[in-house]
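Structure at a glance
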Amino acid sequence: MKNIIAFAGSNSKNSINKQLVTYAASLVDNADVQILDLNDFELPLYGIDLEMEQGIPNAAHDFVDAIKSSDGILLSLAEHNGSYATVFKNIFDWTSRIEAKNFFGKPMLLMATSPGGRGGQSVLEAAATRFPYHDANIVGQFSLPFFGNNFKEGAIIDDELKAALTEEVGQFKASI
């Protein structure tokens, strides 16, 4: 059985991106899916001086180990001012100090959602451009606009958007 990790690039207790990635994970059958919470990987704000003085924290190593031991990654990124949320950027920075190619070629379904009409497309574009340099194998992308209107009771309610995500999940499953 394949081992999949799923997480949101957010530390919000009510993260809409965690809700989306959890829903997407429920569509992956015949796999062991582990939902990670970035709050469980508490890290100080990355800085070279801190790294030189104290080394790389165990939580960063634990996150790298979770990626390494997986067969695929479901990731839904929160968008803050058009880019990654600070918590995601921080863990990304720490893990890249352990392994510069910190996605290890794992198949990845990259997603984002937001309350607005662009559905986190700016952060998706940034990630789709940056992540391949870190050995991400992005096999699909999905953007959910107007989260409050299109996601209710743990699921996407718009038929076209639901079908689009189902197709992307299908491509992801075929790649693992």
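Coordinates for the structure precede this section.
Notes on the structure in this doc start here. Note that the structure is a prediction, hence the values are computed from the model and not measured.

The next subject is the nonpolar core. Phe7, Leu75, Leu77, Phe88 and Phe131 are the most contacted members of the largest nonpolar core, which has 29 residues in total. Counting residues per element, the ones that place at least two in this core are strand S1 (2-9), helix H3 (58-68), strand S3 (72-77), helix H4 (86-98), strand S6 (107-113) and helix H5 (121-130). By residue number, the principal contributor to this core is H3, which donates five residues. When sequence neighbours within four positions are dropped, the list of residues in contact with Leu75 reads Phe7, Ala8, Gly9, Val21, Phe88, Met108, Leu109, Leu110, Met111 and Phe131. Ala25, Ala31, Phe151 and Leu161 belong to the second-largest nonpolar core, a separate cluster that totals 22 residues.

Looking at the element boundaries, Asn102 is found in the loop between H4 and S6. Leaving out residues up to four positions away in the same chain, Asn102 has contacts with Ile67, Phe92, Thr95, Ser96 and His134.

Right, let's get into unusual backbone geometry. The backbone of Asn30 shows a phi angle near 55°, a positive value even though the residue is not glycine. Positionally, Asn30 belongs in the loop between helix H1 (16-26) and strand S2 (31-35). Its identity is not glycine, yet Phe104 carries a phi of approximately 55°, on the positive side. You can see Phe104 is positioned in the loop between H4 and S6. Judged by its relative accessible area of 22%, Phe104 is partly exposed.

Bringing the packing of H1 against helix H7 (residues 159-175) into the picture now. At a minimum axis distance of 10 Å, the contact between H1 and H7 shows a crossing angle of 60°. In this structure, the crossing between H1 and H7 has a hand that is right-handed. Along its contact with H1, which presents Leu20, Tyr23 and Ala24, the element H7 presents Lys162, Leu165 and Val169. Counted by class, the contact of H1 with H7 contains five nonpolar, no polar and one charged residues.

A few words now on the environment of Ala6. You can see Ala6 is positioned in strand S1. Put simply, Ala6 and Asp37 are 31 residues apart on the chain and 8.8 Å apart in space, counted from C-alpha to C-alpha. Those residues in contact with Ala6 that sit more than four places away from it in its chain are Val21, Ala25, Val33, Gln34, Ile35, Leu36 and Leu74.

Evaluation of the coordinates by the stated rule reveals one cavity of 30 Å³ or more. Phe7, Phe63, Ile67, Phe88, Ile91, Phe92, Thr95, Asn102 and Phe103 together form the lining of the largest cavity. Elements represented by at least two residues in the lining of the largest cavity include exactly H3 and H4. When residues of the lining of the largest cavity are assigned to their parent elements, the largest contribution, four residues, is made by H4. Looking at side-chain class alone, the lining of the largest cavity contains seven nonpolar, two polar and no charged residues.

The next thing to look at is the pairing of S6. Buried residues dominate S6, accounting for seven of its seven residues. Direction of pairing for S6 relative to strand S7 (residues 137-144): parallel, over a ladder of seven bridges. Looking at S7, one finds that Thr113 is bridged to Leu144. Of the crossover connections in this fold, the one passing from S6 over H5 to the parallel S7 is right-handed.

Residues lying three or four places apart along an α-helix face the same way, a consequence of the helix completing one turn every 3.6 residues. All buried positions along H3 are accounted for by Ala59, Ala60, Phe63, Val64, Ala66 and Ile67. The buried residues of H3 all sit within an arc of 155° when viewed along its axis, so they share a single face.

The rules behind these values
- Each residue is numbered by its place in its chain's sequence as written, counting from 1.
- Residue-level local features of this predicted model are given only where pLDDT is at least 70; pairs of side-chain atoms are given and counted only at 80 or more, and the full residue set underlies all totals for whole chains, interfaces and linings.
- Calculation of side-chain values draws on the structure's entire complement of heavy atoms; hydrogens and water are dropped beforehand.
- Think of a nonpolar core as a cluster: buried Ala, Val, Leu, Ile, Met, Phe, Trp, Tyr and Cys residues, connected wherever their side-chain atoms sit within 4.5 Å.
- The cut-offs for exposure are 20% and 50% of the maximum accessible area for each residue type, with area from a 1.4 Å probe on protein chains only; residues under the lower value are buried, those over the upper are exposed, and the others partly exposed.
- What counts as a helix is a DSSP run of H or I of at least four residues, what counts as a strand is a run of E of at least two, and both are numbered from the N terminus.
- Throughout, a residue-residue contact means that at least one pair of heavy atoms, one from each residue, lies within 4.5 Å.
- To define axes, lines are fitted to C-alpha atoms, for helices over the stretch in contact only, and angles between the resulting N-to-C directions are given on a 0 to 180 degree scale.
- In this scheme the handedness of a crossing depends on how the near helix is turned from the far one: anticlockwise by less than a right angle means left-handed, clockwise means right-handed.
- Three residue categories are used. Nonpolar comprises Ala, Val, Leu, Ile, Met, Phe, Trp, Tyr, Cys and Pro, charged comprises Asp, Glu, Lys and Arg, and polar comprises the others, including Gly.
- Here a cavity denotes a set of grid points, spaced 1 Å apart and computed over the protein atoms alone, in which a 1.4 Å probe fits but from which it cannot get out, and a pocket denotes an open set meeting protein on both sides within 12 Å along at least five of seven lines; residues with an atom within 4 Å of a point are reported as lining.
- Grid points are joined across faces, edges and corners, and a volume is the space filled by probe spheres set on the points.
- When DSSP finds two or more bridges between a pair of strands, those strands are recorded as paired.
- Seen with its strands pointing away from the viewer, a crossover is right-handed when the path leading from the first strand over the helix to the second is clockwise.
- The directions considered for the arc run from the helix axis to the C-beta atoms.

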